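The residues making up each chain are set out below.
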Amino acid sequence: MTGRPTSDAREIVEHILDETGVALMSGNFQRLMTCFELPYEIGTFAGQRTVASEAEMRTTFDRIRAHYEARNVTDLVRRCMEAEFHDPVTIESTHETRVMSGAVQVQETYTVYSRQRLIDGRWKVGWSQYAITDVPAHIAVLSGTPPAGPCGTR
């Protein structure tokens with residue numbers, strides 16, 4: 001611990017969640033990229049994956065957006081549950097995500113554990129572990145496996 005208030009860590013993480021949510025829902029890839037470091041490590045129950053380049057991140061972004069479009073997703077409701085400084089340039093956090101289509105939640109709420117680092121004066125996510133169990137197509141997008149079926153559903 002660094003002695004910095006946990007509320008500062010929470011504010012940083014909530015800002016990143018807001019920025020990435022807007023980027024995903026609006027299709028603004030460059031806005032999303034300002035919030036991630038490369039390589040970016042993604043983990044799911046299906047395994048670990050390293051996104052090493054901006055091109056790979058773009059493919060993942062496009063596949064996530066296509067998955068959301070196929071499910072008629074209109075909003076991501078995300079809430080930081082915990083955020084704490086590990087050291088002066090590292091925050092470890094947990095947030096929950098609800099994937100919404102209008103007022104209907106289209107998949108079970110899932111938890112994400114992440115690590116953010118301060119790089120060149122900007123906080124960026126470099127590692128995330130997604131606890132998604134009920135949507136194989138979403139897991140496939142994150143783990144980088146080819147989508148199955150016409151809309152990437154399994």
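Computed from a predicted structure; not experimentally measured.

Draft legend 1. Quick look at the side chain of His138. Within the secondary structure, His138 sits in helix H4 (residues 136–143). For His138, the residues in contact, after removing those within four places along its chain, are His67, Tyr68, Gln107, Tyr110 and Ile132.

Draft legend 2. Helix H3 (residues 54–70), seen in detail. A rise of 1.5 Å per residue sets the reference length of H3, with its 17 residues, at 24 Å; its end C-alpha atoms lie 24 Å apart and thus fit the reference within 8%. All buried positions along H3 are accounted for by Met57, Thr60, Phe61, Ile64, His67 and Tyr68. Seen end-on, H3 carries its buried residues on one side only, within an arc spanning 125°. Turned more than 90 degrees away from the buried face of H3, the exposed residues are Ala55 and Glu69. Positioned one or two residues after H3, Asn72 has a phi angle of 65°, which is positive.

Draft legend 3. Structural view of the pattern of salt bridges. This structure, assessed with the given rule, holds 5 salt bridges. The salt bridge involving Arg79 is made with Glu96; its shortest N-O contact spans 3.2 Å. Highlighted residues: Arg79 in strand E3 (residues 75–87) and Glu96 in strand E4 (residues 90–101), separated in sequence by 17 residues. Note that Arg115 and Glu92 form a salt bridge whose closest N and O atoms lie 3.6 Å from each other.

Draft legend 4. Broad picture of the nonpolar core. Judged by nonpolar contacts, the single largest core of 36 residues is most densely connected at Leu32, Tyr40, Met57, Ile91 and Tyr130. Looking at which element gives the most residues to this core, the answer is helix H1 (residues 6–26), with 7 residues.

Conventions adopted
Residues numbered from 1 in each chain as written. Predicted model: local features only at pLDDT ≥ 70, side-chain atom pairs only at ≥ 80, totals over all residues. Heavy atoms only, no water. Helix = DSSP H or I, 4+ residues; strand = E, 2+ residues; numbered from the N terminus. Contact = heavy atoms within 4.5 Å. Expected span 1.5 Å × (residues − 1). Buried < 20%, exposed > 50% of the residue type's maximum accessible area, 1.4 Å probe, protein only. Arc of directions from axis to C-beta. Salt bridge = Lys/Arg side-chain N within 4 Å of Asp/Glu carboxyl O. Core = buried A, V, L, I, M, F, W, Y, C linked by side-chain atoms within 4.5 Å.

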